[in-house]
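Single-letter residue listing:
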Amino acid sequence: MTTSTTSAPAEVELAIGGMTCASCAARIEKKLNRMDGVTATVNYATEKAKVHYAGDVSVPELIATVEATGYTAREPEPVRAEPAPGTESAEPADELRPLRERLVTAVVLAVPVVAMAMVPALQFEYWQWLSLTLAAPVVTYAAWPFHKAAFTNARHGAATMDTLISVGTSAAFLWSLWALFFGTAGTPGMTHPFELTIARTDGAGNIYLEAAAGVTAFILAGRYFEARSKRKAGAALKALLELGAKDVTVLDPDGGERTIPTAELAVGDRFLVRPGEKIATDGTVVEGTSAVDASMLTGESVPVEVGVGDPVTGATLNAGGRLVVEATRVGADTQLARMAKLVEDAQNGKAHAQRLADRISGVFVPVVIALALATLGFWVGNGSGLTAAFTAAVAVLIIACPCALGLATPTALMVGTGRGAQLGILIKGPEVLESTRKVDTIVLDKTGTVTTGRMTLLAIHTGGGTREDEVLRLAGALEHASEHPIARAVTDGALAKLGALPAPEDFAGVPGLGVQGIVDGHAVLVGREQLLAEWAMALPEDLARAKAEAETAGRTAIAVAWDGEARAVLEVADAVKETSPEAIARLRALGLTPVLLTGDNRAVAASVAREVGIDPEHVIAEVLPEDKVDVVKRLQGEGRSVAMVGDGVNDAAALAQADLGLAMGTGTDAAIEAGDLTLVRGDLRAAADAIRLARKTLGTIKSNLFWAFAYNIAALPLAAAGLLNPMIAGAAMAFSSVFVVGNSLRLRSFRAAG
């Protein structure tokens, strides 16, 4: 990563600090893009800026531009395959602790302040002074991030939600100070009775500490939960890197073995992979044969048979025999590391959703401040006196304080996500909701999403009067002694129907062809047709036809023979989940076009598509992991808004690239962390429910925001006219908050379809 002045085009990734909303990201992006030869995208969720630059621009100049905008920037630490112990967990904890401390302070101190202001029975003789004592730390210490952000925004001529919060809470607190020390509000025994009258007042007896403290606490709560979910944006990279083997058994030239950390492997080292172990890094098999389960990386449901000279990929699982592998790529050059880079690139390039409240605040705040100044000037010029003029002007600022607005997003999100969790749907944050409204195409990974992700015995074809249970008993007993995933499928099918299987004798595996042995006195062969041919046995015409049809449908056909005669053909494949056809129908009903995407071969993909009801023209097969991202980009380039559903490591980058990523909770951590929504149940029908719930939650947030602002706008003329009675304002503010909470609680009635 270059940091010096250069004329050649270059790229750098900067870690950005100090952003509080999506408007901050847009401001930084705008400033960077004004520089000659610079193209930048800033992602609020990952707090990173990807910058392409040329000409005489240097990285220090890019950092200086960001800092001049009011934020911090630095070149991030490179992603390491083996993080230092404890660093990955310590850093997020340190990031959240200050915000959590401010939130706890605000909640503990604001609750009694709000209670005393709203319940006259609690207003003892000096209650207003206790309120001031409790509210002061909330408005100063707890609300400091809002004041700091508002000051930064003001320096650059911008206004966001932070500006509105800072101005409103500061106005409420400062006016309360004036009323307590210089007005009549500090008089012992002062109370705030509920007087529903509209009358002009000089405001000397009114305090608004509950508004200042309550709004701060509410909005800090929303920011904390947002930060906690946003912190997980980089966890997909960590999950990917942790998939690999931690230790590896290296073979020395003298024949000795030693165990070392995988990070210490070098190109050319030979290492041992036992059955059931993960392959430590990319390499070439130099000894042994086995079946390698690469489904998590490639999406191929059928294990790949490997032997001497075949390439293998790091983090895949050795499902069969003993292998000796020579390392050909290590560290950042491995396929796993490249996929981690793909995920990071996809996250950084992801369109950031502008927060609704910030967009509205950008217009609303300047209007409110202008109206407050106009009100002050009008009443001063009208001869009403400075106190009355200030009362009206500050009333304008106080009534604009976003009490209901502070509740609008957090309450709807809290109720919506809580209801989603009950239904097995985890929503990561408010930015996700905006995406659900716009998606029109949903890309479905095949293995583990539409299908079960494991090999299953689907059909048995017998010939010459042979009984199915006899085939299952003999073939299942022999396969029970094998570790091959296809063998396990046959064994599981036999055990499910028969309950118990006899023990085989003289068992032997034939590399790449199948198994042979003695079961109950019968000489049994199970495997490829070539295995039978070696024993001079051929499939009869009906079984040969059944085998051909199975392979045309993309299934694996296994021949079974005993006592010198071919007796049956078994069909094994990754079975379609029973709920998948119904799920596809529900997704269509939501206006989405389903697309099947898989690394498996075209015959398998077409067969699955027919079974679940996906149109042939929307099937994309034989796609490499890194190409899945390109498929999503291509669809986006066609003007589509793309949702992606997946469960494997090979889906992680595509999930991050998609406008909306839905990860199956039964899948890998890398996929779950890269997704925006997690479907805990592993049922594709939950994808339709998730999109419905997210859209409904977004609709609730929008209606909450509408009513919150409508209240402000309706009350502003009264405030500007000097007719704002504090009790009417308090009652109206309380009603708007209750309405927002009640509207959000309606999400609890959401039901999953069917």
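Residues numbered from 1 in each chain as written. Predicted model: local features only at pLDDT ≥ 70, side-chain atom pairs only at ≥ 80, totals over all residues. Heavy atoms only, no water.

J.: I would appreciate a short explanation of the overall build of the protein in the present structure.
T.: Assigned secondary structure in the protein consists of 26 helices and 26 strands. Of the contacts formed within the protein by residues at least 6 apart in sequence, a portion of 71% connects residues at least 24 apart. Here the protein has roughly 31,200 Å² of accessible surface; of this, 57% comes from carbon and sulfur atoms. (Helix = DSSP H or I, 4+ residues; strand = E, 2+ residues; numbered from the N terminus. Contact = heavy atoms within 4.5 Å. Areas by Shrake-Rupley, 256 points an atom, 1.4 Å probe, with all protein chains shown as cover.)

J.: What is the right way to look at the packing of aromatic side chains in this model?
T.: Two descriptors summarise a pair of aromatic rings, namely the distance from one centre to the other and the angle between the planes of the rings. According to the stated counting rule, one finds three aromatic pairs in the structure shown. Considering the side-chain rings of Trp-129 and Phe-181, the 5.3 Å spacing of their centres and the 80° angle between planes classify their relative orientation as edge-to-face. Residue Trp-129 is located in helix H4 (residues 127-142), and its partner Phe-181 is located in helix H6 (residues 161-181); the two are separated by 52 residues in the primary sequence. With 5.1 Å between their ring centres and 80° between their planes, Phe-378 and Trp-379 make a pair best called edge-to-face. (Phe/Tyr/Trp six-rings, centres within 6.5 Å; stacked < 30°, edge-to-face > 60°.)

J.: Quick question: what am I supposed to make of H4 here?
T.: Each turn of an α-helix holds 3.6 residues, which means side chains three or four residues apart point in the same direction. Taking 1.5 Å per residue, 16 residues should reach 22 Å; H4 reaches 22 Å between its end C-alpha atoms and fits that length. If you check which residues of H4 are buried, you get Trp-127, Gln-128, Ser-131, Leu-132, Leu-134, Ala-135, Val-138, Val-139 and Ala-142. (Expected span 1.5 Å × (residues − 1). Buried < 20%, exposed > 50% of the residue type's maximum accessible area, 1.4 Å probe, protein only.)

J.: Would you take a moment to explain the sheet that holds strand E15 (residues 441-445) for this structure?
T.: Backbone hydrogen bonds hold the strands of a sheet together, and the pairing may be parallel or antiparallel. Strand order in the open sheet made by the seven strands is E14-E26-E25-E24-E15-E22-E23, with mixed pairing throughout. Both outer strands of the open sheet, strand E14 (425-427) and strand E23 (619-620), are each paired with one neighbouring strand and no more. (Pairing = 2+ DSSP bridges.)

J.: When you look at the pairing of strand E1 (residues 10-17) in this model, what are you seeing that I'm missing?
T.: Along a regular strand, successive side chains alternate from one face of the sheet to the other. Burial runs high along E1: seven of the eight residues are buried. Relative to strand E3 (residues 48-53), E1 runs antiparallel, the two being bridged by six bridges. Across the sheet, the residue bridging to Glu-11 is His-52, located in E3. With three bridges joining them, E1 and strand E4 (residues 72-74) adopt antiparallel strand pairing. In the sheet register, Ala-15 faces E4, and the bridge partner there is Arg-74.

J.: I'm lost on the pattern of salt bridges in this one. Help?
T.: Between side chains of opposite charge, a pair can form as their charged atoms come close. Here the structure, examined in full by the defined rule, presents 26 salt bridges. Put simply, Asp-574 and Lys-446 hold a salt bridge, and the shortest N to O gap is 3.6 Å. Of this pair, Asp-574 sits in strand E21 (residues 565-576) while Lys-446 is found in helix H15 (residues 446-450), placing the two residues 128 residues apart along the sequence. Here the two residues Asp-574 and Lys-446 agree in accessibility, since each one is buried. In this structure, a network of salt bridges that share partners links the residues Glu-582, Arg-586, Asp-683, Arg-685, Asp-689 and Arg-692. (Salt bridge = Lys/Arg side-chain N within 4 Å of Asp/Glu carboxyl O.)

J.: Whenever I open this one, the packing of helix H20 (residues 580-589) against helix H25 (residues 685-720) confuses me. Can you help?
T.: Relative orientation and spacing of two packed helices are given, respectively, by the angle between their axes and the distance between those axes. Across the interface, H20 lies against H25 with an axial gap of 7 Å and an inter-helix angle of 25°. Here H20 is positioned roughly parallel relative to H25, judged by the angle of their axes. Here Glu-582, Ala-583, Arg-586 and Leu-587 of H20 lie close against H25, whose contacting residues are Arg-685, Ala-687, Ala-688, Asp-689 and Ile-691. Looking at the contact of H20 with H25, its residues break down into five nonpolar, no polar and four charged. (Axes fitted to C-alpha atoms, helices over the stretch in contact; angles between N-to-C directions. Parallel < 35°, antiparallel > 145°, perpendicular 65-115°, else oblique. Nonpolar A, V, L, I, M, F, W, Y, C, P; charged D, E, K, R; others polar.)

J.: Help me out: how do you make sense of the sheet that holds strand E5 (residues 247-251) in this one?
T.: Spatially, E6-E5-E7-E13-E8-E11 is the arrangement adopted by the six strands of the open sheet, whose pairing is antiparallel. The open sheet has two edge strands with one neighbour each: strand E6 (257-261) and strand E11 (311-312). By the bridge criterion, three bridges tie E5 to strand E7 (residues 270-273) in an arrangement that is antiparallel. For Val-250, the partnering residue across the bridge sits in E7 and is Phe-271.

J.: Where do I start with the packing of helix H16 (residues 468-479) against helix H17 (residues 485-498) in this structure?
T.: Taken N-terminus to C-terminus, the directions of H16 and H17 make an angle of 130°; their axes are 8 Å apart at the nearest point. Comparing the axis directions of H16 and H17 gives the class oblique. Crossing hand, H16 versus H17: left-handed. Across the interface between the two elements, Glu-468, Asp-469, Leu-472, Arg-473, Ala-475, Gly-476 and Glu-479 from H16 touch Ala-487, Val-490, Thr-491, Ala-494, Lys-497 and Leu-498 from H17. When the residues that make up the contact of H16 with H17 are grouped by side-chain class, the tally is six nonpolar, two polar and five charged. (Left-handed = near helix turned anticlockwise from the far one by under 90°.)

J.: I tried to follow the environment of Thr-593 on my own but got confused; where do I start?
T.: For Thr-593, the location among the structural elements is in strand E22 (residues 593-597). Other than its neighbours up to four places away in sequence, Thr-593 contacts Asp-440, Thr-441, Ile-442 and His-618.

J.: I would appreciate a short explanation of the UniProt feature "transmembrane region" (unreviewed entry) in the protein in the present structure.
T.: The positions UniProt marks with the feature "transmembrane region" (unreviewed entry) are residues 103-120, 126-144, 164-187, 207-225, 360-380, 386-409, 705-721 and 727-745. Across residues 103-120 one finds 89% helix and 0% strand; the C-alpha atoms that close the span lie 27 Å apart. In the segment residues 705-721, helix accounts for 94% and strand for 0%; the C-alpha atoms at its two ends are 25 Å apart. (UniProt positions renumbered as here; feature names shortened; annotations may be inferred.)

J.: Would you take a moment to explain unusual backbone geometry for this structure?
T.: For residues that are not glycine, phi is negative in most cases, and the peptide bond is trans in most cases. Of note, the phi angle at Asp-506 is positive, near 50°, even though the residue is not glycine. Among the structural elements, Asp-506 can be located in strand E17 (residues 505-510). The phi dihedral of Glu-622 is positive, around 55°, even though this residue is not glycine. Position of Glu-622 relative to the elements: it lies in the loop between E23 and helix H22 (625-637). Owing to a relative accessible area of 46%, Glu-622 belongs among the partly exposed residues under this scheme.

J.: Would you explain the nonpolar core in this entry?
T.: Note that soluble globular proteins tend to have their nonpolar side chains buried in a common cluster. Of all hydrophobic cores here, the largest spans 50 residues; its most connected members are Ile-207, Leu-209, Leu-220 and Val-396. Taken together, the elements giving at least two residues each to this core come down to helix H3 (87-118), H4, H6, helix H7 (209-230), helix H11 (356-381), helix H12 (386-399) and H25. Not counting residues up to four positions away in its chain, the partners in contact with Leu-220 are Leu-99, Arg-102, Leu-103, Ala-106, Ala-142 and Phe-146. (Core = buried A, V, L, I, M, F, W, Y, C linked by side-chain atoms within 4.5 Å.)

J.: How should I be thinking about a nonpolar patch on the surface in this particular structure?
T.: Residues Phe-124, Tyr-126 and Leu-130 make up a contiguous nonpolar surface patch of roughly 290 Å² in combined accessible area. Given the relative accessible area of 43%, Phe-124 is considered partly exposed. (Patch = residues over 30% accessible without salt bridge, like charges linked within 9 Å, V, L, I, M, F, W, Y side chains within 5 Å.)

J.: Explain the environment of Pro-616 here, please?
T.: Looking at the element boundaries, Pro-616 is found in the loop between helix H21 (602-612) and E23. The exposed category is assigned to Pro-616, whose relative accessible area is 67%. In this structure, the C-alpha to C-alpha distance between Pro-616 and Leu-596, residues 20 residues apart in sequence, is 9.1 Å.

J.: In this structure, what is going on with the confidence of the model for the protein? I would like to understand it.
T.: Parts of the model with low pLDDT should not have their predicted coordinates read in detail. Taken over all residues, the pLDDT of the protein has a mean of 79, while the share at 70 or more is 81%. Across residues 79-93, where pLDDT falls below 50, the model places 13 contacts with residues more than four positions away in sequence or in other chains. Low pLDDT (under 50) marks residues 350-354, which in the prediction has 17 contacts with non-local residues, meaning those over four places away or in another chain. (pLDDT = per-residue confidence, 0-100.)

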